[in-house]
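One letter stands for each residue in the lines below.
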Amino acid sequence: MSQFTNEDEALLQSMLRQLLQSVKEKITGAPSVECAEEILLHLEETDENFHNYEFVKYLRQYINDALGSVIEEESEKCTSTQNQSEVSGYDTLVQHVTKKTRESKQYREMMHALKNVMMVVVESLINKFEEDRMCNKELDSKTKKKCQSDYYTDNYSDSDSSFNQVNICVVCLTLQVRQEALQTLCLAPPSDVLNSECWPNLRKHLTMSLSDPDEIFSEKILRFYAKTFSSSPFNMTREVYTSLAQHLEFYFLSGEYSLRISSGLDVSNADINHILKKVRLLNEYQKEAPSSWIRYPEKYMEEIVESTLSLLSVKHDPNHPASSDFLSPIYFLALLDIKAIWFKKWTHAHYSRTVILRLLEKKYKSLVSISQGYFYMFLVFCFVLFVRAIPYNEQKFFYTGSELQYIYFVHSLCLLGRLLIYKQGRNLFPVQLKNKKDCVSLTDLLVLFTQLIYYSPSYSKEALTAHTDNYSPASLVMEILQVFCDQTGCATDCLYTDAVMDALLKPLQSLLNGTEVFINCLETTLIDVADILARIAAAEDGLSVLLYGGNKNSAKENSPTAVHIIVQFTKKLLHDDISLLSGSELLQVVKGAFIFVCRQMYRTCEGLQMLIPYGLHESIGEAWKKASLLSERVPTPATGADSTSSISLDSKNIVLWEETLLDALLNFSATPKGLFLLHSTGAMSDCVSFMFNSLSKKHQTNEHEEFDNGVIIAQMATTPTAAVALQSSGFIKAFVAELWALLECGKDDVRITQPKSTPVDPIDQSCQKSFLCLINLLTYPAVFELLSKQDIPNKPTYSHREVPTDIINIIDRIIILNSEAKIHSLFNYEQSHIFGLRLLNVLCCELNTLLLLETQYKVSQVLLTAQEENVTEASEGPGDFIVDSLSVERNHVLVRINLIGGPQERILPLRALDKGSDPYPWPMFSSFPLPNCYLAEVPRKADFRQVLDKLISIVQNPGGQSEWAEICRRQFCKIMKTRPDTISGASEYDLLTIDADVKKENLSSVQQLGIEMTVRYGKHLNLLKEHAENELCFVLMNCEQFLKQQQRAVVSSLRCLQGCYAGYDWFASSVFLIMSGDGEKTLTFLQQFSHLLVSAFLWIPRLHMSMHLPITTVESGIHPVYFCCAHYIEMLLKAELPLVFSAFHVSGFTPSQICLQWITQCFWNYMDWSEICHYIATCIFLGPDYQVYMCISVFRHLQQDILKHTEAQDLQVFLKEEALHGFRVTDYLEYMESLELLYRPMLLKDMRNIRVQNT
């Protein structure tokens, strides 16, 4: 630097000039000097070309020459061995070298020299700039002297801008001079023009020149504006935009503007065409501006918004005689942007929407009043004249006054529709209209919206099927209302009111009452109304409005809620009982639309409750039977023939109508009671086949459909009839094949480019969904129908290509691996067998399923044999068990299936290895009995004699001692809240000697194994003594004989109806334990207990094929606990714990399935014995509806766990495998009492109605 020459100075000047010119746009756009400095300081972060500038390259080389040796020397010192402990790590090394370099002498000298050189260069650049500035100033002075106006010359004599000459010449009197000046302006970069000091005055004169009478000149000015819009940043274009908007506002307010609506508009006229060009330029910018204005200060955007709203608010003086006929600017904007796309874009983002709505509220609320006022007056006075929408998409050169009014009406409709989406926009209402005394509220406006649907223009049949862009009022309002339905807050404020509902249902009410209907196209109107109603019913709040009205507290008794009108109308449609629609080609479409509305309601428990009295399922079932008969006559398409030609359109419509009805019937199965009603229609098998075919055709489904399908399958698997239908339809076969492909084969259509990764989780993620679906499918009713009396194949050989086809094959191939042939037939033996063991573990949590699998397939012995073979070889004595993933899984399953007990009564081994020297501390075994470490200590309980005596006395006289019973109820609640441990089962009763001839062999193998498990559990609880097994056999045989006397003779293909109750009697066994093994007292209690209503729901075998049930109920094989109790559990769960209900739905699982499992086995394995006693006593003392409240309390207790496992996607596994840790009945007794106050009348009424009424 000491040899710095003139050439070096010139070179640096050019480099620095290049850098400044490159960042000129960024610096000039900065609002202050400080911001410009910040931009330069962070240039490396924001400019991708930073390192390509010559000045930057020069500096880098200069620094390298001056400090390169210093940096290398310091780096070597840091990396030497003697300093290794002192400096380590890359970041620390860089910091250390940087610090040492900046402290060096070379660095100080370099900075001093660089500073001196740059001062010289910068000073030279400044001097050069001053010289250029003086030259420009002289040039400006010469130009000013040539101008014809001395006034302007004096006014701008002190300007330092090179655009002063243009500024002056634009307003000169000579046209040629003005055109030449404008040409110069157009050739200059817009940014230079807008950044010049004379721009404010130039802007004013350009605005004035927009009204120039010369068309060519004004056209060039518009081109300049268009060029500026397209090539300048937002902070500059807003100046041009506001200039153009201000010009238009002055023009429309000037005396020379005299256009009237009644005169129409000729767009071929040159003057009108010029106005349209200006408005179109504004509109194009309006649509583009929102994409960039968030990057700039809010005041810039506010200027644009305010100038626009000011322009659109232009109107004549109200006292002017032609004020109502004034063709305002908004008409021109509506003509160019009829659907107000500009306003939609402006209100899309919160950033701009807040400003727009604030200005509308404070300064321009009249604009809303004008739009709404015109909308209102147009509807009331003018709309009857426009029964047909204008063909807006056709090319036109002249618009009549009526067409202009219609265009403005459409624009106002779209603007108001967009405004109402937002809370702040809705707050602008009510508004006062010019010609209306009362204010127009938000509800009034929505009623007008809905009334527009009724005046839909008459469409041709072709127009209904084609998706054309029409501007009919009905189609426009439908678009708006559909958007409202999708916005929760908007729908609540706008649609969920009684007035709007009455307006929507008006045509239905008229058709039901037989009154005259003044509607242009009745079918189209009804389809549109059904569409809106279906969208409302899809939302929780909307469904509540349809079922109970907009205000439950002020609902009128004489006015039925929407649900009653809708279902009555739908039934009339199905029965072809509406004369105005008879013979219509669109009748089936209308029927399908209203069936879909009802479907949205009856697929929920509360909606179904409202629809049951109308027997809608029967009407749909009858319509399906008729359609099915017609579809059988439809010819099958010939092989190779075109389906469109071989089947007529009418035949296709018949098939489509049948599928619509099947889909409607299928959706009844979304709830327990709905599934029961579906069975009564006789369409169960057809619905399941339809569902399977639909799922097979849909290769992709959205999440909502997937959740719905999962819920329906889970509901169906809980009933024997539906389970058989799933099997016969081919659903289970297809599902098993897909599962096998995931486990063993992989999909055929996936090209293998790399080896499949080894699964880390016990069940691979690819199989998790199928695992959960299989759990949903294999409930005990389904297992019994699919596996009862089915032998394991146990083939001598298995082919690798042999794919399982049903559940028994799955058990044979991946669960009961009792031969080498089965093991060798698996490609992924360990993963597939772990999948099977995990499945077995979940299945055995349902005790009836456990008994069936154990008695038929001896799963315990298979697992014990496998454990015995999985040992190390030892020279003397038995070898040690090999601890691997399979042996750990088998050990867990063996303990679970051979040990009964609640959370504190048994200890289950973990299925994971610990870190440390002893990774698996749980002892393994290959024979029974179980090691004692799995048995928890059970404390002895207090005597239950007094409470038990009261219990027996109340069941002996259920109706005669109501006052005493109420006292007993209060005492029971008091004991439960103060001393719950006293209600836990007796421990010291004298055992009576029974001389009856008891033969255990007379019982089924399932009952015998259940007796063994019950006695083992009772002894573990210290409730039973020796010989208790014979006592329990005596009880169960007598119960079976007693219940047989009250059973119907039923001929059915269902296996569960071909004899005695298919499962084990867990309730009778529980009572036996409560009685401490006293057989006679147990039988006495059960006999008296059978007279109570609660026995139907606590004692599951009590109503098996019972004569107290209707024959249709018996033939369905569906227990009242499912279609009554489980139904209300789901209904109350949705009302009381909506998050838990949603978690079940998202998981594709149902509360009814797990509750039926809990209730069937009396919560065995889920609660400790004391809590089981509390559960039974609570239901008997307080009423059968407490069974429902008990399950709701359990879900409330598990709420956080349910939400957590829903997120982990293993909710089914958690609920079935895990006991109810920490749940105590007494903790939730007050909560259950609060539920009783709300729901008891409804629940008890339905519970009593399960019986056949005596005539």
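The rules behind the values
Residues numbered from 1 in each chain as written. Predicted model: local features only at pLDDT ≥ 70, side-chain atom pairs only at ≥ 80, totals over all residues. Heavy atoms only, no water. Helix = DSSP H or I, 4+ residues; strand = E, 2+ residues; numbered from the N terminus. Buried < 20%, exposed > 50% of the residue type's maximum accessible area, 1.4 Å probe, protein only. Contact = heavy atoms within 4.5 Å. Areas by Shrake-Rupley, 256 points an atom, 1.4 Å probe, with all protein chains shown as cover. Expected span 1.5 Å × (residues − 1). Polar contact = N/O pair within 3.5 Å; in protein donor to acceptor, adjacent residues only side chain to side chain. Axes fitted to C-alpha atoms, helices over the stretch in contact; angles between N-to-C directions. Parallel < 35°, antiparallel > 145°, perpendicular 65-115°, else oblique. Left-handed = near helix turned anticlockwise from the far one by under 90°. Nonpolar A, V, L, I, M, F, W, Y, C, P; charged D, E, K, R; others polar. Phe/Tyr/Trp six-rings, centres within 6.5 Å; stacked < 30°, edge-to-face > 60°. Lys NZ or Arg CZ within 6 Å of the ring centre and 35° of its normal. Salt bridge = Lys/Arg side-chain N within 4 Å of Asp/Glu carboxyl O.

> Explain the overall build of the protein chain to me, please; I cannot follow it from the model alone.
Within the protein chain, the regular secondary structure consists of 64 helices and four strands. The buried share of the protein chain, reckoned over its 1255 residues, is 53%. Put simply, of all contacts in the protein chain between residues at least 6 apart along the chain, 76% involve residues at least 24 apart. In the form shown here, the protein chain has an accessible surface area of approximately 59,700 Å², with 51% of it arising from carbon and sulfur atoms.

> Explanation requested: helix 52 (residues 1028–1044) in the structure shown.
Along an α-helix, residues three or four apart share an orientation, since each turn contains 3.6 residues. The terminal C-alpha atoms of helix 52 lie 24 Å apart, and with 17 residues this matches the ideal 24 Å at 1.5 Å per residue to within 8%. Looking at the buried residues of helix 52, the elements they touch are helix 51 (1005–1020), helix 53 (1066–1074) and helix 54 (1079–1089).

> What is the right way to read the environment of Asp663 from this model?
Checked against the element boundaries, Asp663 lands in helix 35 (residues 649–666). A sequence separation of 25 residues divides Asp663 from Val688, and the C-alpha atoms of the two residues are 9.7 Å apart. Ignoring any residue separated from it by four or fewer positions in sequence, one finds Asp663 in contact with Arg599 and Phe690. Of note is the side chain of Asp663, whose polar atom sits 2.5 Å from the side chain of Arg599.

> I keep staring at the packing of helix 28 (residues 522–538) against helix 31 (residues 587–602) and nothing clicks. Help me out?
To characterise two packed helices, one gives the angle between the axes of the helices and the distance between these axes. Closest axis-to-axis distance for the helix 28/helix 31 pair is 9 Å, and the angle between their directions is 15°. If you check the angle between helix 28 and helix 31, you find them roughly parallel. For the pair helix 28 and helix 31, the crossing hand works out as left-handed. Contacts between helix 28 and helix 31 involve Glu523, Leu526, Ile527, Ala530, Leu533, Ala534, Ala537 and Ala538 from the former and Val589, Val590, Ala593, Phe594, Phe596, Val597, Gln600 and Met601 from the latter. Of the residues in the contact of helix 28 with helix 31, the class split is 14 nonpolar, one polar and one charged.

> When you look at the packing of helix 46 (residues 847–857) against helix 47 (residues 859–869) in this model, what are you seeing that I'm missing?
It is at 6 Å that the axes of helix 46 and helix 47 come closest, and there the two elements cross at 70°. The angle between the axes of helix 46 and helix 47 places the two elements in the roughly perpendicular class. For the pair helix 46 and helix 47, contact is made by Leu853, Glu854 and Tyr857 and by Val859, Ser860 and Val862, respectively. A breakdown of the residues in the contact of helix 46 with helix 47 according to their chemical character gives four nonpolar, one polar and one charged.

> So what exactly am I meant to see when it comes to unusual backbone geometry here?
Negative phi is the rule for most residues except glycine; trans is the rule for most peptide bonds. Cis geometry is found at the peptide bond from Phe429 to Pro430, where omega equals 5°. Inspection of the secondary structure assignment puts Pro430 in the loop between helix 22 (423–426) and strand 3 (431–432). A cis geometry characterises the amide bond from Phe928 onward to Pro929, with omega recorded as 5°. Positive phi, close to 60°, is recorded for Lys789, a residue that is not glycine.

> So what exactly am I meant to see when it comes to the side chain of Ser313 here?
Its place among the elements puts Ser313 in the loop between helix 16 (298–312) and helix 17 (329–336). Reaching out from Ser313, the side chain makes a polar contact with the backbone oxygen of Leu309 at a distance of 2.7 Å. When residues no more than four places from it in sequence are discounted, the contact partners of Ser313 are Tyr364, Ser366 and Leu367.

> Sorry if this is basic, but what is going on with helix 53 here?
Where burial is concerned, most of helix 53 is hidden: nine out of the nine residues are buried. Residues Trp1066, Phe1067, Ala1068, Ser1069, Ser1070, Val1071, Phe1072, Leu1073 and Ile1074 constitute the buried set of helix 53. The N-cap residue of helix 53 is Asp1065: its side-chain oxygen and the backbone nitrogen of Phe1067 are 3.4 Å apart. In the stretch just after helix 53, Ser1076 is the one whose phi turns positive, near 55°.

> Whenever I open this one, the packing of aromatic side chains confuses me. Can you help?
The geometry of two aromatic rings is summed up by the distance between their centres and the angle between their planes. Summed over all chains, the structure comprises 41 aromatic pairs. Pairing Trp922 with Tyr934 gives two aromatic rings, centres 6.1 Å apart and planes at 15°, and the pair type is stacked. Of this pair, Trp922 sits in the loop between helix 48 (885–898) and helix 49 (945–956) while Tyr934 sits in the loop between helix 48 and helix 49; the two residues are 12 residues apart in sequence, bridging distant segments of the chain. In this structure Trp922 comes out as partly exposed when scored by relative accessible area, which is 22%. Through successive ring pairs, a cluster of aromatic residues spans Phe234, Trp293, Tyr296, Tyr300, Trp342, Phe343 and Trp346. Seen from the ring of Tyr300, Arg238 lies directly overhead, with NZ or CZ sitting 3.9 Å from the centre. Above the face of the Tyr1231 ring, Arg1196 is positioned so that its terminal group lies 4.1 Å from the ring centre.

> In this structure, what is going on with the pattern of salt bridges? I would like to understand it.
Close approach of charged atoms allows side chains with opposite charge to pair. Inspection of every chain in the model, using the stated rule, returns 31 salt bridges. One salt bridge in this structure joins Asp1185 and Arg1240, with 2.8 Å as the shortest N-O distance. Separated by 55 residues along the polypeptide, Asp1185 in the loop between helix 60 (1169–1182) and helix 61 (1186–1197) and Arg1240 in helix 64 (residues 1229–1248) bring together distant segments of the chain. No difference in accessibility class separates Asp1185 from Arg1240, as the two residues are buried. Among the salt bridges present, the one from Glu1236 reaches Arg1240, with a minimum N-O distance of 3.0 Å. Pair noted here: Glu1236 and Arg1240 are both in helix 64, with a separation of four residues, about one helical turn.

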